[in-house]
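Below, each chain spelled out in residue letters.
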Amino acid sequence: MSEPAVGETHTRVRTFEPADVETFASVTGDDQPRHTEPDERGRRMVQGLLTGSMLTDIGGDLEMLARSVEYHFLQPVYTGDTVRCVWENEAVDERPDGWDVTARVTFERVADGDDEPRDLVLEGTVEGLIRE
């Protein structure tokens, strides 16, 4: 494991599909009609925690043991939306067995085939330990 650094960023991009929403609803019990029944445009609202779970892919790659995650949900995400999650280390404190890390995470809806964000849908902070 390489030493984490302040300012280091990690990015993931995901397009949410109806099957993602159905599976999450089945696993968690969050099966409200807004998630299971398509709206007038044929979309389903993606569960907020499913959107937020994108950061676990990054945390897994970093082998972080999360202590806390704080989210601020700003706008809904719908099936067919592509979301980019950006993780940026804000604080890294060395300890005998690794590093305490605090990272800011942002989730932005992006247009298909375009890296320019359209709108911020979720933001938050994750704190945890990365062991050496």
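Scroll up to find the structure this text is about.
Throughout this description, residue numbers start from 1 for each chain and increase along the sequence as written. At least 70 in pLDDT is required for a residue's local features to be given in this predicted model, at least 80 for side-chain atom pairs to be given and counted, and no such filter applies to totals for whole chains, interfaces and linings, which use all residues. Hydrogens are left out, water is left out, and the side-chain values use all remaining heavy atoms of the structure.

Draft legend 1. Local environment of the environment of glutamate 88. In this text, helices come from DSSP runs of H or I with a minimum length of four residues, and strands from runs of E with a minimum of two, each type numbered from the N-terminal end. Residue position: glutamate 88 is located in strand β3 (residues 82-95). Exposure is judged per residue with a 1.4 Å probe applied to protein chains only, and the accessible area is read against the type maximum: over 50% gives exposed, under 20% gives buried, and values in between give partly exposed. On the basis of relative accessible area, glutamate 88 is assigned to the partly exposed category, the value being 37%. Through-space distance from the C-alpha of glutamate 88 to that of aspartate 30 is 29 Å; in sequence the pair is 58 residues apart. Here glutamate 88 is in contact with Gly7, Glu8, Thr9, Thr102, Ala103 and Arg104, once residues within four sequence places are set aside. Should any heavy atoms of two residues lie within 4.5 Å, those residues are considered in contact.

Draft legend 2. Just the nonpolar core, in detail. For this analysis, a nonpolar core means a set of buried residues of the types Ala, Val, Leu, Ile, Met, Phe, Trp, Tyr and Cys, connected via side-chain atoms within 4.5 Å. One finds Phe16, Leu55, Trp87, Phe107 and Val126 to be the most contacted residues of the largest nonpolar core, which totals 24 residues. Here this core gets five residues from one element, more than from any other, and that element is strand β4 (residues 98-110). The residues touching phenylalanine 16, leaving out its near neighbours within four places in the chain, are Val46, Leu50, Thr51, Met54, Val77, Thr79, Gly80, Asp81 and Val83.

Draft legend 3. Focus on the environment of tyrosine 71. By the secondary structure assignment, tyrosine 71 is in strand β2 (residues 64-73). Taking C-alpha positions, tyrosine 71 is 8.8 Å from valine 105, a pair spaced 34 residues apart along the chain. The contacts of tyrosine 71, once residues within four sequence positions are left out, are Leu49, Gly52, Ser53, Leu55, Phe107, Leu122, Glu123 and Gly124. Think of a polar contact as two N or O atoms within 3.5 Å of one another; within protein, one of them needs to be a possible hydrogen donor and the other a possible acceptor, and neighboring residues in sequence only count if both atoms come from side chains. A polar contact of 2.7 Å, which involves the side chain of tyrosine 71, links it to the backbone oxygen of glycine 52.

Draft legend 4. Local environment of the packing of aromatic side chains. Any two rings among Phe, Tyr and Trp, with Trp reduced to its six-membered ring, count as a pair given centres within 6.5 Å; such a pair is stacked if its planes are under 30 degrees apart, edge-to-face if over 60, and tilted if neither. Evaluated as defined, the whole model comprises two aromatic pairs. A centroid spacing of 5.6 Å and a plane angle of 50° characterise the contact between tyrosine 71 and phenylalanine 73, whose relative ring orientation is tilted. Centre to centre, the rings of tyrosine 71 and phenylalanine 107 are 6.3 Å apart; their planes meet at 65°, and the pair counts as edge-to-face. A residue pair is termed long-range when its members are at least 10 positions apart, and tyrosine 71 in strand β2 and phenylalanine 107 in strand β4 qualify at 36 residues. Across this residue pair, the class does not change: tyrosine 71 and phenylalanine 107 are buried. Connected via pairs of aromatic rings, a cluster forms that spans Tyr71, Phe73 and Phe107.

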